[in-house]
Every structure is written in C-alpha cells, then in structure tokens.
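Structural overview
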Amino acid sequence: MGEAVARVARKVNDTVENKADSLDLANCKLMSFPVGVYKAVRSVTEGIHRISLANNELKSITSRFVTTFSQLRDLNLAGNYLHRLPEEIRSLLHLRTIDLSRNRFRRFPEPLATVPALESIDLEENEIAGLLQAVHQEELSSLHPPRTDSHLAALFPEVPTDKLASMALLRSLNLRANPVGPEVRLLVRPLVPFELLLSPEEPIHP
C-alpha cells in the first residue's frame, strides 16, 4: 500500500510541476479517487485533458471528479468494478473517448448518450445483454416490416439504440465480450451510423 501511495504522489507531482495535460493513476490499487489529489492539482485542473484510472479497484466515480476535471477529452476507466456513471458525466462537453472495458456494467451507461463530443465508447468485457430474454423469435420476426425506433427501444432497454443513433460525432461503440444475442446484430444494424463492434462476428459497418 505504501508503494501505491508513493506512486500516486509521484505521478500527481509530475503533472503539477510540468503542467502536463494528462494524469496517469493507472495500476495504483485505488479503491476511490484520492480526495487529496483534488487539492494537489487545483492549479492545473483546467489544463488536464486526459486521465487514466485503469486497472484499479474503483467501484464508483463521483460527481466531484467529473465537475473538477471538466475539460477532459479522454478518460480511461478500464479494469475496475464500475457498474454506473454519475449523471454529471453529461457535463463533460469536450469528452471524445471513454474506456469502460473490463468493468461490471449490466446496462449501457445512459448519461453517455448525451455527451455531445463523444467519438468512441469502449464497453468490452462487461455484462450488457442488450436483449430481454423474454423476447421470442416470433416477436422479433413480427418487426419485419415495419420496424421503428420505439419498437427497438422497448426491446433493447440495456442499449438505448435510438439515443445512440442520434449522437452526431459517435464513430465507434465496442460491445465485444458482452452477452448480447444474435438478434442485436439483426435489428440494430439499420439504425446505427457508427461502427458497432460485437463478438464473435466481424464489426458491423454503416
């Protein structure tokens, strides 16, 4: 633990002293974002555009974190125990990429659907099913034709397809290694204007 604390202090000092645009606290055994870091970096928070908290033991990200680092472009939260994001994530107007792979999301973190600058969302190796188990093949086939966004929104509560399709800058959504069914591939493809990555098939292109 002492070594991890020293690593955090060293990396924070590097960011502050060099007025760097990134803060790398990956692999620091963090169970939460250290409160002391807020004070330590307060003189440079507006200039921090990239943060990595990958491969820690985080169970949540607080609203304070989001509002403090309001100029984030890239956020790496891979390899933690996250299952939700705070609503305040919507306020990250400049966020372009977010890595949430290898966490514990069972549903798509819906606040992301209103982050205006998002280009890439990585949710690989989570627990997003994408389709209600109660939906039968007969019900799916009844959608051909017609098929509407409202039908799909009802069928896919874990993935807000209609909202994602309206994200003007979104280029890639990675749902590899999630327990999505083959029906997702069939029904979502006509609606998404971005690259949808699923396992084990090849990426779906618009």
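Predicted, not measured: the structure shown is a model, and the values here were computed from it.

**A closer look at the overall build of the protein chain**
What the protein chain contains, in helices and strands, is 7 helices and 7 strands. Scanning the protein chain from its N terminus toward the C terminus, one meets helices and strands in the order α-β-α-β-α-β-β-β-α-α-α-β-α-β. Looking at the protein chain as a whole, 45% of its 206 residues qualify as buried. Of all intrachain contacts in the protein chain linking residues separated by at least 6 positions in sequence, the fraction that spans at least 24 positions is 53%. Approximately 10500 Å² of the protein chain is accessible, and the part contributed by carbon and sulfur atoms is 51%.

**Regarding the confidence of the model for the protein chain**
Overall, the predicted model of the protein chain reaches an average pLDDT of 84, with 79% of residues at or above 70. Note on residues 131-155: pLDDT under 50 across the span, and 32 contacts to partners over four residues away in sequence or across chains.

**Topic: helix 1 (residues 2-18)**
Between its first and last C-alpha atoms helix 1 spans 24 Å; for 17 residues at 1.5 Å apiece the expected length is 24 Å, and the two agree. Burial in helix 1 covers these residues: Ala-4, Arg-7, Val-8, Val-12 and Thr-15. Take helix 1 and look down its axis: the buried residues cluster within an arc of 125 degrees, on one side only. Opposite the packed face of helix 1, turned more than 90 degrees from it, sit the exposed residues Gly-2, Glu-3, Glu-17 and Asn-18. Buried positions along helix 1 lie against strand 1 (22-24) and helix 2 (35-40). Lys-19 occupies a position one or two residues after helix 1 and carries a positive phi of about 50 degrees.

**Some words on unusual backbone geometry**
In this structure, Arg-102 is a non-glycine residue whose phi angle is positive, near 60 degrees. Among the structural elements, Arg-102 can be located in the loop between strand 4 (97-99) and strand 5 (120-122). Residue classification places Arg-102 among the partly exposed positions, given a relative accessible area of 36%. Phi at Ala-177 is positive, roughly 60 degrees, even though this residue is not glycine. Topologically, Ala-177 is positioned in the loop between strand 6 (172-174) and helix 7 (182-188). For Ala-177, a relative accessible area of 38% translates into the label partly exposed.

About the criteria used
- Residues numbered from 1 in each chain as written.
- Predicted model: local features only at pLDDT ≥ 70, side-chain atom pairs only at ≥ 80, totals over all residues.
- Heavy atoms only, no water.
- Helix = DSSP H or I, 4+ residues; strand = E, 2+ residues; numbered from the N terminus.
- Buried < 20%, exposed > 50% of the residue type's maximum accessible area, 1.4 Å probe, protein only.
- Contact = heavy atoms within 4.5 Å.
- Areas by Shrake-Rupley, 256 points an atom, 1.4 Å probe, with all protein chains shown as cover.
- pLDDT = per-residue confidence, 0-100.
- Expected span 1.5 Å × (residues − 1).
- Arc of directions from axis to C-beta.

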